[in-house]
Amino acid sequence: MAAADDETTTAVLNRLRRAQGQLAGVITMIEAGRDCKDVVTQLAAVSRALDRAGFKIIANGMRECLTTTDGERAPLTEAELEKLFLSLA
């Protein structure tokens, strides 16, 4: 992520890695013929991890949008932020 602080980058990467591991678990469960309820429950956990990572990225973008004063990069517009939020819905 460009311009994200180290703490945000670490949090996002941790959440994406968690989702990656959970998704591997879902694939294994499906291949093993596990119960549908178990698969859906695990898939929901993947979705939550991805959503949390996405919201963290958007929150960082909002913070930058409100605080960017260096003139080097254009802050995100309200329409761009809205589109990002809606993409997670």
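Residues numbered from 1 in each chain as written. Predicted model: local features only at pLDDT ≥ 70, side-chain atom pairs only at ≥ 80, totals over all residues. Heavy atoms only, no water.

1. Some points on the environment of Asn14
Thinking step 1. Along the chain, the position of Asn14 falls in helix α1 (residues 6-31).
Thinking step 2. Among the residues examined, Asn14 registers a relative accessible area of 42% and is labelled partly exposed.
Thinking step 3. In this structure, the C-alpha to C-alpha distance between Asn14 and Ala53, residues 39 residues apart in sequence, is 8.5 Å. (Helix = DSSP H or I, 4+ residues; strand = E, 2+ residues; numbered from the N terminus. Buried < 20%, exposed > 50% of the residue type's maximum accessible area, 1.4 Å probe, protein only.)

2. A few points about the environment of Thr8
Thinking step 1. Position of Thr8 among the secondary structure elements: in helix α1.
Thinking step 2. Remark: the alpha-carbon pair of Thr8 and Ala53, spanning 45 residues in sequence, is separated by 9.5 Å.

3. Considerations on the environment of Gly25
Thinking step 1. Structurally, Gly25 can be placed in helix α1.
Thinking step 2. Among the residues examined, Gly25 registers a relative accessible area of 25% and is labelled partly exposed.
Thinking step 3. As for Gly25 and Val39, which are separated by 14 residues in sequence, their C-alpha atoms are 8.8 Å apart.

4. Topic: a nonpolar patch on the surface
Thinking step 1. Nonpolar side chains collect at one region of the surface, where Leu13, Leu16 and Leu50 lie side by side and expose about 230 Å² of accessible area between them.
Thinking step 2. Along the chain, Leu16 falls in helix α1. (Patch = residues over 30% accessible without salt bridge, like charges linked within 9 Å, V, L, I, M, F, W, Y side chains within 5 Å. Areas by Shrake-Rupley, 256 points an atom, 1.4 Å probe, with all protein chains shown as cover. Salt bridge = Lys/Arg side-chain N within 4 Å of Asp/Glu carboxyl O.)

5. Section: the nonpolar core
Where a protein is soluble and globular, its nonpolar side chains tend to be buried together.
Thinking step 1. In terms of nonpolar packing, the biggest core is built from 6 residues, these being Ala19, Val26, Met29, Val39, Val46 and Ala49.
Thinking step 2. Counting residues per element, the ones that place at least two in this core are α1 and α2 (36-67).
Thinking step 3. Setting aside residues no more than four positions away along its own chain, Val26 makes contact with Val39, Gln42, Leu43 and Val46. (Core = buried A, V, L, I, M, F, W, Y, C linked by side-chain atoms within 4.5 Å. Contact = heavy atoms within 4.5 Å.)

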